[in-house]
Amino acid sequence: SEVASVSLPNLVATLVEKHPEIQLSIKQHGSKETNKEQAFYITSEPKNGLTNLPIFTEPILLAIPQKHPMAEKKDLQVADIQQVPLLMLVENSPLRRAFEAKKISLTIGSTTDDPATLRSLINQGLGITFFPKITWGYENQAPFVLRELADFPLSRTIYLASSFTKGHPMTKLIAKTLIEFYLG
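Residues numbered from 1 in each chain as written. Predicted model: local features only at pLDDT ≥ 70, side-chain atom pairs only at ≥ 80, totals over all residues. Heavy atoms only, no water.

Colleague: What exactly am I supposed to notice about the overall build of the protein here?
Modeller: For the protein, the count of helices and strands is five helices and seven strands. In the protein, the order of α-helices and β-strands from amino to carboxyl end is α-β-β-α-β-α-β-α-β-β-β-α. If you line up the protein on its principal axes, its C-alpha atoms span 50 × 35 × 25 Å. Per-residue burial over the protein gives 43% buried out of 184 residues. The long-range share in the protein, meaning contacts at least 24 apart out of those at least 6 apart in sequence, stands at 73%. Surface summary for the protein: the accessible area is close to 10300 Å², and the carbon and sulfur share equals 50%. Distance between charge centroids for the protein: 2 Å, based on 19 positive and 18 negative side chains. (Helix = DSSP H or I, 4+ residues; strand = E, 2+ residues; numbered from the N terminus. Buried < 20%, exposed > 50% of the residue type's maximum accessible area, 1.4 Å probe, protein only. Contact = heavy atoms within 4.5 Å. Areas by Shrake-Rupley, 256 points an atom, 1.4 Å probe, with all protein chains shown as cover. Lys, Arg positive; Asp, Glu negative; His and termini not counted. Charge placed at Lys NZ, Arg CZ, Asp CG, Glu CD.)

Colleague: So what exactly am I meant to see when it comes to unusual backbone geometry here?
Modeller: If a residue is not glycine, its phi is most likely negative; likewise, a peptide bond is most likely trans. Although it is not a glycine, Lys-103 adopts a positive phi angle of roughly 60°. Residue position: Lys-103 is located in the loop between α3 (94-101) and β4 (108-112).

Colleague: Can you help me understand the pairing of β4 in this one?
Modeller: It is a general feature of regular strands that their side chains alternate between the two faces of the sheet. Pairing between strand β3 (residues 86-89) and β4: four bridges, direction parallel. Across the sheet, Met-88 pairs through a bridge with Thr-111, a residue of β4. For the crossover that starts at β3, traverses α3 and ends in the parallel β4, the hand is right-handed. (Pairing = 2+ DSSP bridges. Right-handed = clockwise from strand over helix to strand, strands pointing away.)

Colleague: What is the right way to look at the nonpolar core in this model?
Modeller: In summary, soluble globular proteins display a tendency toward joint burial of nonpolar side chains. Leu-62, Ile-64, Ile-81, Phe-99, Leu-106, Phe-130 and Leu-149 are the most contacted members of the largest nonpolar core, which has 21 residues in total. If you list the elements that add at least two residues to this core, you get β2 (51-65), α2 (78-81), β3 and α3. Among the elements that line this core, the one with the most residues is β2, at three residues. Those residues in contact with Leu-106 that sit more than four places away from it in its chain are Ile-81, Gln-82, Leu-86, Met-88, Phe-99 and Phe-130. In terms of nonpolar packing, the next biggest core, distinct from the first, is built from 14 residues, Leu-8, Leu-15, Leu-53 and Tyr-182 among them. (Core = buried A, V, L, I, M, F, W, Y, C linked by side-chain atoms within 4.5 Å.)

Colleague: I would appreciate a short explanation of the side chain of Thr-112 in the present structure.
Modeller: Residue placement: Thr-112 occurs in strand β4. Of the polar contacts made by the side chain of Thr-112, one reaches the backbone nitrogen of Asp-114; its length is 3.1 Å. Setting aside residues no more than four positions away along its own chain, Thr-112 makes contact with Met-88, Leu-89, Val-90, Thr-117 and Leu-118. (Polar contact = N/O pair within 3.5 Å; in protein donor to acceptor, adjacent residues only side chain to side chain.)

Colleague: Explanation requested: the packing of aromatic side chains in the structure shown.
Modeller: Two numbers describe a pair of aromatic rings. These are the distance of the centres and the angle of the planes. Counted according to the given criterion, the structure contains seven aromatic pairs. With 5.4 Å between their ring centres and 50° between their planes, Phe-56 and Tyr-182 make a pair best called tilted. One end of the pair, Phe-56, is in strand β2; the other, Tyr-182, is in helix α5 (residues 169-183), with 126 residues separating them in the sequence. This pair shows no difference in class: Phe-56 is buried, exactly as Tyr-182 is. Ring centres of Phe-181 and Tyr-182 lie 4.8 Å apart, and the angle between their planes is 85°; this geometry places the pair in the edge-to-face category. With a relative accessible area of 25%, Phe-181 lands in the partly exposed category. Taken together through their ring pairs, the aromatic side chains of Phe-56, Phe-181 and Tyr-182 make up a single cluster. (Phe/Tyr/Trp six-rings, centres within 6.5 Å; stacked < 30°, edge-to-face > 60°.)

Structure, rendered in structure tokens:
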């Protein structure tokens, strides 16, 4: 899994419960899979040479600690955040590239290469970051609020990438399980 690391334990539990015949080998953070014959990736970018099946598109919203003055503002613009130090994933992430492509400069306060660390920081109220609403499992009692950038709405498509064909029974099974897990 290259995305959704924070929901991975619950996803694994669901897969094991619904499909005990499947043997899982979980690789994250760019680890190379040695047996591509039976590899599946949950990714936000299509993988070259593999079948890429779009599963769903999720909004990416700004996560702001509830006590931050910006949390009260309902209509945020890019200009509102450009001078605010943000918690971000490392350079060359798809989100960072989206801003760079539009020539939008952001103030980066801290970076991490681990989405789970980023989520932990925002859960402790330690900054403002971007938050994929579905895969990161937003809860209403979270210590932060989610806001869309009105002039630059962000989203990402989650793909199931595999060496199997789109119609292969295993691809269909895993895709169906992912949809049920994330979208109910």
